Amino acid sequence: MSFIVTGTGMKKNEICELLGIDYPVFQGGMAWIADANLAAAVSNAGGLGIIAAMNSNGEQLKEQIRKAKELTDKPFGVNLMLMSPYIEEAVDAVCEEGVKVVTTGAGNPSKYMEKLLNAGVKVISVVASVALAVMAERMGVVAVIAEGCESGGHVGDTTTMALVPQVVDAVTVPVLAAGGIADARGMAAAFMLGAKGIQMGTRFLTAKECGVHANYKEKVLKAKDRDTIVTGKSLGHPVRALKNRMTREFAKMESTPGTTPDELEKMGAGSLRLAAVEGDVKNGSCMCGQIAGLVNTEDSCEEIIHGICEGAVELLGRDYSFGGC
Ligand code: TUI
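This one's a predicted model, so the numbers in the text were calculated from it and none came from an experiment. (Residues numbered from 1 in each chain as written. Predicted model: local features only at pLDDT ≥ 70, side-chain atom pairs only at ≥ 80, totals over all residues. Heavy atoms only, no water.)

Asks: Sorry, what's going on with the overall build of the protein here?
Replies: Each helix and strand counted, the protein has 14 helices and 11 strands in total. A compact globule built from 325 residues should have a C-alpha radius of gyration of about 20 Å, and the protein, at 18 Å, falls within 12% of that. When the backbone C-alpha atoms are referred to their principal axes, the protein occupies close to 65 × 40 × 40 Å. Among the 325 residues that make up the protein, the fraction classed as buried is 52%. For the protein, restricting intrachain contacts to residue pairs at least 6 apart in sequence, the fraction spanning at least 24 positions comes to 61%. Accessible surface for the protein amounts to roughly 13,900 Å². Of this, 50% is attributable to carbon and sulfur atoms. A gap of 4 Å separates the mean positions of the 31 positive and 38 negative side-chain charges of the protein. (Helix = DSSP H or I, 4+ residues; strand = E, 2+ residues; numbered from the N terminus. Rg over C-alpha atoms; globule rule 2.2 N^0.38 Å. Buried < 20%, exposed > 50% of the residue type's maximum accessible area, 1.4 Å probe, protein only. Contact = heavy atoms within 4.5 Å. Areas by Shrake-Rupley, 256 points an atom, 1.4 Å probe, with all protein chains shown as cover. Lys, Arg positive; Asp, Glu negative; His and termini not counted. Charge placed at Lys NZ, Arg CZ, Asp CG, Glu CD.)

In structure tokens form, the structure reads like this:
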């Protein structure tokens, strides 16, 4: 079997073949941030760009999908955030628009699998545990993304280093690694753990083509290793974000006896939009991974993807197969 070698020296592997992409690099479906522009830029650079459905209704999501189709003729995906109040509409929108690949996050996708599979959508679940990875495989996903708690946004409680090899051993579908990856060393390490690809959020948050508010981008670029915190555990949906006035207040209220879940929910509501769209990085939630301290430059999606893949090839050696096909 001959290997197809792309411009960076990285061999196309089973993730590339499965999805028709050049590099096994996904961009995370960051709510309020991952729009058609960012997704198309990532896809045009050879990775898999992903539009965040987050809390969009069906029409809003369709608009983004149509925009992405105008901006790229390469495959792109949609991330379905399973806690969305509009999840049913979002599922219908991806099926009606003929989206080829969907990632699911923040829950169990079982309720929507039949509809998605019948529409010919390739489903890839983001999982934070071995149990959900095994369930997802039984449901018919083509791959899973094992996301460690170093990630930004909604997180589980196991690190990428511990989670990825355990998921790799538990399922037969290919596994991508996410959480704490932002450079070639992270990609090479993920492959050593048995992953066949990576997903990055924080690194693409500061991409030139990322339309997140400049204040948010600047805060990520300036962040150091210990600048994130997880809040919201008491609500059952822990979220990692950059420390600021909002997270300090939230953490204080969360540890104060007598605070009701309603009070906390009210405080969190709209906070990501406030930071990502309005640029209020003091009172909003700047969701971001622990790897932010390593992300210090604003690069194009092409520079990011090609740089990381080229570097990973150097580190792993040109003869490393990448699970090539
Ligand atoms: O979904 C994410 N990251 C997100 S979603 C999001 S929007 C949000 N905003 C405020 C509160 C909550 C969400 C921001 N960031 N990543 C994928 C992911 N999925 N990480 C962890 C999980 C996960 C966690 C528990 C998946 C499934 C699960 O339980 C499934 C079950 O068994 O019910």
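Asks: How should the pattern of salt bridges be read in this particular structure?
Replies: Pairs can form between side chains of opposite charge whenever their charged atoms are close. For the structure shown, the criterion picks out 12 salt bridges. One salt bridge connects Lys-12 with Asp-22, and the closest N-O pair in it is separated by 3.2 Å. Here Lys-12 is found in the segment before α1 (14-19), whereas its partner Asp-22 is found in the loop between α1 and β1 (25-27), with 10 residues between them in sequence. Of the charged contacts, one joins Glu-218 and Lys-222 as a salt bridge, the two residues approaching to 2.7 Å between their closest N and O atoms. You can see Glu-218 and its partner Lys-222 sitting in helix α10 (residues 214-222), 4 residues apart, about one turn around the helix. By relative accessible area, Glu-218 is classed as partly exposed at 41%. Here the salt bridges share partners, and the residues they tie into one network are Arg-66, Lys-69 and Glu-97. (Salt bridge = Lys/Arg side-chain N within 4 Å of Asp/Glu carboxyl O.)

Asks: Where do I start with the domain arrangement of the protein in this structure?
Replies: Interface extent is often summarised as the accessible area lost during association of the parts. Annotation of the protein at the domain level lists domain 1 (4-207 + 297-321) and domain 2 (214-291). One C-alpha centre belongs to domain 1, the other to domain 2, and the line joining them spans 24 Å. At the interface, 20 residues of domain 1 touch 19 residues of domain 2. With both chains or domains summed, domain 1 and domain 2 bury close to 1,600 Å², and 70% of this area falls on carbon and sulfur atoms. (Domains from an automatic or database assignment. Buried area = accessible area lost by both parts, 1.4 Å probe.)

Asks: What is the right way to read the packing of aromatic side chains from this model?
Replies: What characterises a pair of aromatic rings is the spacing of the ring centres plus the angle enclosed by the ring planes. Considering all chains together, one arrives at 1 aromatic pair under this definition. A centroid spacing of 6.3 Å and a plane angle of 90° characterise the contact between Phe-191 and Tyr-320, whose relative ring orientation is edge-to-face. Here the residue Phe-191 occupies a position in helix α8 (residues 184-192), and Tyr-320 occupies one in the segment after α14 (301-316), the gap between them amounting to 129 residues. Cation over ring: Arg-273 sits above Trp-32, and NZ or CZ is 5.5 Å from the ring centre. (Phe/Tyr/Trp six-rings, centres within 6.5 Å; stacked < 30°, edge-to-face > 60°. Lys NZ or Arg CZ within 6 Å of the ring centre and 35° of its normal.)

Asks: What is the right way to read the sheet that holds strand β9 (residues 197-200) from this model?
Replies: Hydrogen bonds along the backbone pair up the strands of a sheet, which may run parallel or antiparallel. Strand order in this open sheet of 8 strands is β1-β9-β8-β6-β5-β4-β3-β2, and the pairing throughout is parallel. A single partner strand is all that each edge strand has here, and the edge strands are β1 and β2 (49-52). Averaged over all adjacent pairs, the angle separating strand axes in this sheet is 25°, with direction ignored. Where strand β3 (residues 76-81) and strand β4 (residues 101-105) come together, 5 bridges link them in parallel fashion. (Pairing = 2+ DSSP bridges. Axes fitted to C-alpha atoms, helices over the stretch in contact; angles between N-to-C directions.)

Asks: Would you explain helix α4 (residues 87-96) in this entry?
Replies: Since the α-helix advances by 3.6 residues per turn, residues separated by three or four positions end up pointing in the same direction. Taken as a whole, α4 has its buried residues at Ile-87, Ala-90, Val-91, Ala-93, Val-94 and Cys-95. Of the surrounding secondary structure, the elements contacted by the buried residues of α4 are α3 (58-71), β3, β4 and α5 (110-118). Looking one or two residues past α4, Gly-98 carries a phi angle of roughly 70°, positive in sign.

Asks: Explain the environment of Gly-120 to me, please; I cannot follow it from the model alone.
Replies: Assignment of secondary structure puts Gly-120 in the loop between α5 and β5 (122-127). Residue classification places Gly-120 among the exposed positions, given a relative accessible area of 54%.

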